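Take a look at the letters that make up each chain.
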Amino acid sequence: MLRELVKNAFQNLYSDNKLPDNTIPGNYVKYYKTTGEKVIANKNEIVRQYRNALKTFVSICRDWEIEPVLMTQVILAQDSNIVLDQLPEKIEFIMPEKPMEDPAIIKLLYSFHHIFNDVIREVADKEGVELIDLKKEVPATDHKYLYDLYHYNDLGSEYVAKIISEHLQKFIEKKQSDDRTDSLETKVNITRSAKMEF
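What you are looking at is a predicted structure, and each value in this text was computed from that prediction instead of being measured.

Even after reading the chapter, I still don't get the nonpolar core, so can you show me in this structure?
In a soluble, globular protein the nonpolar side chains are often hidden away together inside. With 17 residues, the main nonpolar core has Tyr-50, Leu-54, Leu-70, Phe-112, Phe-116, Val-119 and Val-123 as its most contacted residues. Within the residue set of this core, elements represented by two or more residues are helix 3 (43–63) and helix 4 (103–127). Ranked by residue count, the leading element in this core is helix 4, at seven residues. Counting 14 residues, the second largest nonpolar core, distinct from the first, contains Val-74, Ile-132, Ala-140 and Ile-163.

If you want it as structure tokens, here you go:
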């Protein structure tokens with residue numbers, strides 16, 4: 001799904017839907033681009049498609065009577081990696097030799113990460129979906145829970161599993177309580193209707 005999202009974002013940058021010869025769409029850019037190649041992306045298109053993918057996920061879950069739960073993603077906080085307030089609509093850069101060590105690429109990654117977490121929160125709110133905001137609940141100021149920028153180490157996995165299970169337990173208990181209340185209200189209404197008939 002992410003491969004198609006990125007591919008479509010690259011294609012939709014151009015009105016005639018043709019990519020220039022030097023642009024290779026595909027999965028994550030870092031896997032398809034080599035050092036020195038030009039990367040062109042459309043921020044608004046990537047965000048639009050990400051939002052639509054989340055809404056589609058929610059819709060499919062509900063169509064199959066599955067209760068969706070959305071979660072934000074944690075990323076290691078570093079003072080030198082401040083989120084850009086405004087990403088330009090058209091993003092262009094030359095792929096550096098070591099992208100995950102390049103300050104400009106890291107800043108871009110952090111900025112998209114921030115935007116995607118906001119989109120997750122927005123979709124959860126508008127669609128009435130349970131949200132587990134890991135970004136707000138997991139301290140990520142050092143490598144205590146993360147072994148790189150955004151992958152959990154063993155301690156982090158245990159910590160996050162505890163947060164998720166606690167949220168889901170509360171969510172399930174509330175859902176069961178709401179179902180019992182709805183069931184009781186239905187029984188009361190049926191009883192009232194039956195008494196009125198006599």
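Help me understand a nonpolar patch on the surface in this model?
Together, Ile-60, Trp-64 and Ile-66 make up a nonpolar patch on the protein surface, roughly 380 Å² of accessible area in all. Along the chain, Trp-64 falls in the loop between helix 3 and strand 2 (69–71).

Looking at this model, I keep getting lost on unusual backbone geometry. Mind explaining?
Trans is the common state for peptide bonds, and a negative phi is the common state for residues other than glycine. A positive phi angle, near 55°, is found at Glu-65, a position not held by glycine. Along the chain, Glu-65 falls in the loop between helix 3 and strand 2. Glu-65 sits in the exposed class, given a relative accessible area of 77%.

Help me out: how do you make sense of the side chain of Lys-43 in this one?
Here Lys-43 is to be found in helix 3. Lacking a salt bridge, the buried Lys-43 has Glu-89 as its closest oppositely charged neighbour, with an N-O distance of 7.3 Å. Within polar-contact distance, the side chain of Lys-43 engages the backbone oxygen of Leu-87 at 3.3 Å. Residues contacting Lys-43, with those up to four places away along its chain left out, are Leu-87, Pro-88, Glu-89, Ile-91, Phe-112 and Ile-115.

Help me out: how do you make sense of the packing of aromatic side chains in this one?
Any pair of aromatic rings gets described here by the distance separating the centres and the angle formed by the planes. Taken as a whole, this structure holds three aromatic pairs when the rule is applied. Both rings, one in Tyr-50 and one in Phe-116, keep their centres 4.1 Å apart while their planes meet at 20°; by these two values the pair is stacked. In this pair, Tyr-50 sits in helix 3 while Phe-116 sits in helix 4, placing the two residues 66 residues apart along the sequence. Both rings, one in Phe-112 and one in Phe-116, keep their centres 5.7 Å apart while their planes meet at 45°; by these two values the pair is tilted. Separated by four residues within a single helix, Phe-112 and Phe-116 lie in helix 4, roughly one turn from each other. Judged by relative accessible area, Phe-112 falls into the buried class, the value being 12%.

Procedures and definitions
- Residues numbered from 1 in each chain as written.
- Predicted model: local features only at pLDDT ≥ 70, side-chain atom pairs only at ≥ 80, totals over all residues.
- Heavy atoms only, no water.
- Core = buried A, V, L, I, M, F, W, Y, C linked by side-chain atoms within 4.5 Å.
- Buried < 20%, exposed > 50% of the residue type's maximum accessible area, 1.4 Å probe, protein only.
- Helix = DSSP H or I, 4+ residues; strand = E, 2+ residues; numbered from the N terminus.
- Patch = residues over 30% accessible without salt bridge, like charges linked within 9 Å, V, L, I, M, F, W, Y side chains within 5 Å.
- Areas by Shrake-Rupley, 256 points an atom, 1.4 Å probe, with all protein chains shown as cover.
- Salt bridge = Lys/Arg side-chain N within 4 Å of Asp/Glu carboxyl O.
- Lys, Arg positive; Asp, Glu negative; His and termini not counted.
- Polar contact = N/O pair within 3.5 Å; in protein donor to acceptor, adjacent residues only side chain to side chain.
- Contact = heavy atoms within 4.5 Å.
- Phe/Tyr/Trp six-rings, centres within 6.5 Å; stacked < 30°, edge-to-face > 60°.

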